[in-house]
Amino acid sequence: MQKKILISDPTLRDGNHAIRHQLTLNQIEAYALSAEKARIDILEVGHGNGLGASSSLLGHAQASDIEMLEAARKHCRNTKLGIHFIPGLGKNADLDIAIEIGVDVFRIASHCTEANTTRRYIEKVKSKELAAYGVLMMSHMADAETLCEQAMLMEAYGADGLVLMDSAGFSTPDLVRQKVTYLKSRLGVDIGFHAHNNLGLAIANSLAAIECGATVIDGCSKGFGAGAGNTQLETLVAVLERQKYPINTSFKLIVGLTRTAEELITKDNPNITCAHIASGLYGLFSGYVPHIERIAKKLAVDQFELCERLAARQLIAGQEDIILEEAFRLAEMRGGTEKKALAMGHA
Amino acid sequence: MNAEYGKSRVAIIGTGRVGTDLLFKTLSSCYVEPVAFVGRNRNSEGLSIARDLGIEVSSDGIDFLRENADSFDYLFDATSADSHRLNNIVFQQIQKFIIDLTPARLGHFCVPSINLRESARHSNVNMITCGGQAALPLAHALRQSTSDIEYLEIVSSISSRSAGIATRENIDEYLTTTETSLIRFSGTKRAKAILNINPAYPDVCMQTTVYAYAIFGDFEKIAACVSAMEKAVKRYVPGYEIVLPPVLDKDRITLSLTVHGRGDFLPKYAGNLDIINCAAVAVAEYKHQADSRTEVQFAKENIDQRSYSA
């Protein structure tokens, strides 16, 4: 029998990328209330890059982790409150705060080949008898076998589920099928999938993952998320309903949530721009796009040439600092005057 | 001190990759020489390399050092923070000058280009973290060239193959120790450290970016202080290089550096391990010079801390 598909909604986390991490507490409260009414299974909240990630590197968030989580916690009863956590960006102390506030689902993430950085954190969450998912980010950068080895480490640490993230929106349905099928046959825990729509394939990829056995699917209202956005939640729910997959929410319920999002949050809704397509094509982390656009403009270098050079360096999420260094190098080669102004302290 | 060569004798405890690289670095030093290489695993690769080099080795760990305390002058601890806390009890008994490469934070925080002279007066010197050794000289340069640092952040990316299991399991200690040192050395109100582990092949070199919100009058002074500091660090870390000079971006001072390792034992991309070892050897060499000369000679020969500092 088909297992129920759990809907994990990171609108209030991944969506923060779309507005430079400026979600307000009012927006969070209103959306959390609507998510509860729409019977969303898991609502993820926080800075775009997760707990403790507010920084000069990635952007300073409008509200603190504590404020954001407390605001959402007030309205989540049946809907579980989730967080994203990347060791190296966040610290143990950040995790303690989330545990204290009463977060239900901890998604402990690493770059897709570095799962052993998550051991201490997954074990900590499990020792408190809370739900922990292992998350492999930028999963397009490793083959099925490598992903499986890494996933099995997380499973051994005690993870209740394993989420593959297509963080650059690079994947096509055939790649997703291959990877999810491989993991499904070798792991005992639930498998989740998190898509980005940089190549317009988020729904197709999510559906492919479900067909191969994934049972936790991420979707954001209006697709509100990094890059060209994530899987559009209301579309996902509509498709799942028609395909008769068992879910706790329904298209009817989702309409109210979409309305809240439209009214309060997603005015700057991401659409698929050429910059997003480039991110998907080159396999660059979706969260890089606004940084690349800003810096390329500032230093008067070609945005796509910059993308190409960054891709050649095989960067992972969290290396946003390299964008400025590489752009500066490029500007130097092109003899631009803009970089001189920057180096002289003129903003 | 070994009278014959006029070098101070050093022992190294911890025979992993960091310890083995230290062995090679001390072997090529003009001021110190390795006389004992000590671990706990009889079959470790490091011990067999040291044995082949003709260095006295032991797998009796701290017990060997206790029993042979007369055979060496200084001691490098390249074990782990937990081991160092235990080892330090014995170290205090045998009264040796300790250079600690673990993030145990028991000793005096030392960055050779900032506080070498002062550090050599302490009995236990802590080398902080690789990110600390890379960024603190620049934080110091910013302190010299600005009036008030409001916020300081450092982001380091290191190669996956240079990050052993201890590094991976102790990321939290790395972050908190680095943040503590940033606050202590720069006087900033708030600090944040970030670590990325990148699996790219060919391996990435260690790269660190510093972001600072600070009040300053003259941006050229910042650039000049950073450039002087780069030269100072290069004297003991040859592969230290500014790759993004200070720029003002989004109202914050931003600059980046890379560290190419010397490739003594560790591969060249492992600049993160190289920099802390280079700094540790610089401390031992300075200590040797301080111990073997009178104050007057010291001043006359002009080999005091100025040889490293900006």
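Here is what the cut-offs are and how they apply
- Throughout, residues of each chain are indexed from 1 in the direction in which the sequence is written.
- The naming scheme follows written order: chains are lettered A onward, ligands numbered 1 onward.
- With pLDDT at 70 or above as the cut-off, local features in this predicted model cover only qualifying residues; side-chain atom pairs require 80 or more to be listed or tallied, and sums for whole chains, interfaces and linings still use all residues.
- To obtain the side-chain values, all non-hydrogen atoms of the structure were included, while hydrogens and water were left out.
- Salt bridges are defined by distance alone: a side-chain nitrogen of Lys or Arg within 4 Å of a carboxyl oxygen of Asp or Glu.
- For the purposes of this entry, the term helix denotes a DSSP run of H or I that reaches at least four residues, the term strand denotes a run of E that reaches at least two, and both are numbered from the N terminus.
- Whether a residue is buried, partly exposed or exposed follows from its accessible area with a 1.4 Å probe, protein chains only, as a fraction of its type maximum: under 20%, in between, or over 50%, in that order.
- The criterion for strand pairing is that DSSP finds at least two bridges linking the strands in question.
- Note on method: axes are straight lines fitted to C-alpha atoms, helices fitted across the in-contact stretch only, with angles between N-to-C directions ranging 0 to 180 degrees.
- A contact between two residues is defined here by any heavy atoms of the two lying within 4.5 Å.
- Defined in terms of a 1.4 Å probe, buried area is the accessible area two parts forfeit on being brought together, summed over both.
- Definition of a polar contact: a pair of N or O atoms within 3.5 Å, with one able to donate and the other able to accept a hydrogen when the atoms are protein atoms, and with sequence-neighbouring residues admitted only if both atoms are side-chain atoms.
- For this scheme, ten residues count as nonpolar: Ala, Val, Leu, Ile, Met, Phe, Trp, Tyr, Cys and Pro. Four count as charged, namely Asp, Glu, Lys and Arg, and the remainder, Gly too, count as polar.
- Think of it as the arc spanned by the lines of direction from the helix axis to the C-beta atoms.
- Each pair of aromatic rings taken from Phe, Tyr and Trp, with Trp reduced to its six-membered ring, is defined by centres within 6.5 Å and is described as stacked if the planes are under 30 degrees apart, edge-to-face if over 60, and tilted in the remaining cases.
- In this scheme, Lys NZ or Arg CZ marks a charge over a ring once it lies within 6 Å of the ring centre and within 35 degrees of the ring normal.
- Residues with no salt bridge and a relative accessible area higher than 30% make up the patches, which join like charges within 9 Å and nonpolar side chains (Val, Leu, Ile, Met, Phe, Trp, Tyr) within 5 Å.
- All accessibility values rest on the Shrake-Rupley procedure with a 1.4 Å probe; residue burial counts only the protein chains present in the view.
- Residue ranges assigned to each domain were obtained from an automatic or database domain assignment.

1. Focus on the pattern of salt bridges
Moving on, step 1. Enumeration according to the criterion identifies 34 salt bridges over all chains in this entry.
Moving on, step 2. A salt bridge links E29 of chain A to K74 of chain A; its shortest N-O distance comes to 2.7 Å. Placement of E29 of chain A in helix α2 (residues 25-37) and of K74 of chain A in the loop between α3 (65-73) and β3 (80-85) is noted, with a sequence separation of 45 residues between them.
Moving on, step 3. Ionic pairing is found between R120 of chain A and E173 of chain B, a salt bridge with its closest N-O pair at 3.0 Å. Residue R120 of chain A is found in helix α5 (residues 119-127), and its partner E173 of chain B is found in helix α8 (residues 171-186); the two belong to separate chains.
Moving on, step 4. The network of salt bridges with shared partners includes R13, D14, E44, R107 and D218 of chain A.

2. Some details on the pairing of strand β11 (residues 240-249) of chain B
For a regular strand, side-chain orientation follows a simple rule: the groups alternate between the two sheet faces.
Residues and elements named next belong to chain B.
Moving on, step 1. With eight of its 10 residues buried, β11 lies for the most part within the structure.
Moving on, step 2. Where β11 and strand β12 (residues 252-259) come together, seven bridges link them in antiparallel fashion. When the sheet's bridge partners are listed, L244 is paired in β12 with S256.
Moving on, step 3. The hairpin formed by β11 and β12 contains two residues between the paired strands, and K250 there has a positive phi angle of roughly 50°.

3. Description of the pairing of strand β1 (residues 6-12) of chain A
Residue and element names in this part refer to chain A.
Moving on, step 1. Burial within β1 is extensive, with six of its seven residues counted as buried.
Moving on, step 2. Both β1 and strand β8 (residues 216-218) contribute to a ladder of three bridges, which runs parallel. By the bridge assignment, L6 is partnered in β8 with V216.
Moving on, step 3. Alignment of β1 against strand β2 (residues 42-45), held across three bridges, turns out to be parallel. From the neighbouring strand, D9 faces β2, where its bridge partner is L43.

4. Topic: the sheet that holds strand β9 (residues 190-198) of chain B
Either a parallel or an antiparallel arrangement is found when strands of a sheet pair, and the pairing is made through backbone hydrogen bonds.
Residue and element names in this part refer to chain B.
Moving on, step 1. Read across the open sheet, the five strands follow the order β9-β8-β10-β12-β11; overall the sheet is mixed. The open sheet has two edge strands with one neighbour each: β9 and β11. Neighbour-to-neighbour, the strand axes of this sheet turn through a mean angle of 15°, independent of strand direction.
Moving on, step 2. Those strands touched by helix α6 (residues 130-145) are β8 (148-159), β10 (206-215), β11 and β12, and its axis lies near 30° from that of β10.

5. Remarks on the interface of chain B and chain A
A common way to express how large an interface is: the accessible area buried when the components associate.
Moving on, step 1. Each partner contributes residues to the interface: chain B has 41 residues there, and chain A has 41 residues.
Moving on, step 2. In total, about 3,400 Å² of surface goes out of reach between chain B and chain A, with carbon and sulfur atoms giving 49% of it.
Moving on, step 3. The interface formed by chain B and chain A contains six salt bridges.
Moving on, step 4. Close ionic contact of E179 of chain B with K91 of chain A constitutes a salt bridge, the shortest N to O distance being 2.8 Å.
Moving on, step 5. Linking chain B with chain A are 25 residue pairs in polar contact (both at pLDDT 80 or more), by the criterion used here.
Moving on, step 6. Going through the elements one at a time, β8, α7 (165-169), α8, β9, β10, β11 and β12 of chain B are the ones with two or more residues in the side of chain B that touches chain A.
Moving on, step 7. Partitioning the side of chain B that touches chain A into residue classes produces 21 nonpolar, nine polar and 11 charged.

6. Digging into helix α12 (residues 289-298) of chain A
Residues and elements named next belong to chain A.
Moving on, step 1. Three or more residues of α12 are buried, namely V289, H291, I292, I295 and A296. Down the axis of α12, the smallest arc covering the buried residues is 155°, so these residues share one side.
Moving on, step 2. Buried residues in α12 make contact with α11 (274-282), α13 (303-312) and α14 (321-334).
Moving on, step 3. Positioned one or two residues after α12, A300 has a phi angle of 50°, which is positive.

7. Some remarks on the packing of aromatic side chains
Between two aromatic rings, the relevant description is the distance of the centres plus the angle of the planes.
Moving on, step 1. Per the stated rule, a full pass over the model turns up six aromatic pairs over all chains.
Moving on, step 2. Residues F85 of chain A and Y121 of chain A carry aromatic rings whose centres are separated by 5.0 Å and whose planes lie at 50° to one another, so their mutual orientation is tilted. Linking F85 of chain A in strand β3 with Y121 of chain A in helix α5, this pair joins segments that are 36 residues apart in sequence. When sorted by exposure, F85 of chain A lands in the same class as Y121 of chain A, which is buried.
Moving on, step 3. A ring pair is formed by F285 of chain A and Y288 of chain A, whose centres lie 6.0 Å apart and whose planes are at 80°; its orientation type is edge-to-face.
Moving on, step 4. Using a relative accessible area of 7% as the deciding quantity, one classes F285 of chain A as buried.
Moving on, step 5. Sitting over the ring of Y182 of chain A, R186 of chain A keeps its end group 3.6 Å from the ring centre.
Moving on, step 6. Positioned above the aromatic ring of F72 of chain B is the side chain of K96 of chain B, whose terminal nitrogen or guanidinium carbon lies 5.0 Å from the ring centre.

8. Some remarks on a nonpolar patch on the surface
Moving on, step 1. A contiguous nonpolar surface patch, about 400 Å² in accessible area, is contributed by L199, I272, I277, L281 and Y282 of chain A.
Moving on, step 2. Residue position: Y282 of chain A is located in helix α11.

9. What about the domain arrangement of chain A?
Residues and elements named next belong to chain A.
Moving on, step 1. Split by domain assignment, chain A resolves into domain 1 (6-264) and domain 2 (274-345).
Moving on, step 2. Each of domain 1 and domain 2 has a C-alpha centre, and these two points are 27 Å apart.
Moving on, step 3. Domain 1 puts 19 residues into the contact, and the matching count from domain 2 is 18 residues.
Moving on, step 4. Buried area between domain 1 and domain 2, summed over both chains or domains, comes out near 1,500 Å², and the portion from carbon and sulfur atoms is 68%.
Moving on, step 5. When residues of domain 1 are sorted by the area they lose upon contact with domain 2, L57, M138 and N198 head the list and together hold 29% of the total.
Moving on, step 6. Our count for the contact surface shared by domain 1 and domain 2 stands at zero salt bridges.
Moving on, step 7. There are five residue pairs in polar contact (both at pLDDT 80 or more) connecting domain 1 and domain 2.
Moving on, step 8. In the side of domain 1 that touches domain 2, the residues fall into 10 nonpolar, nine polar and no charged.

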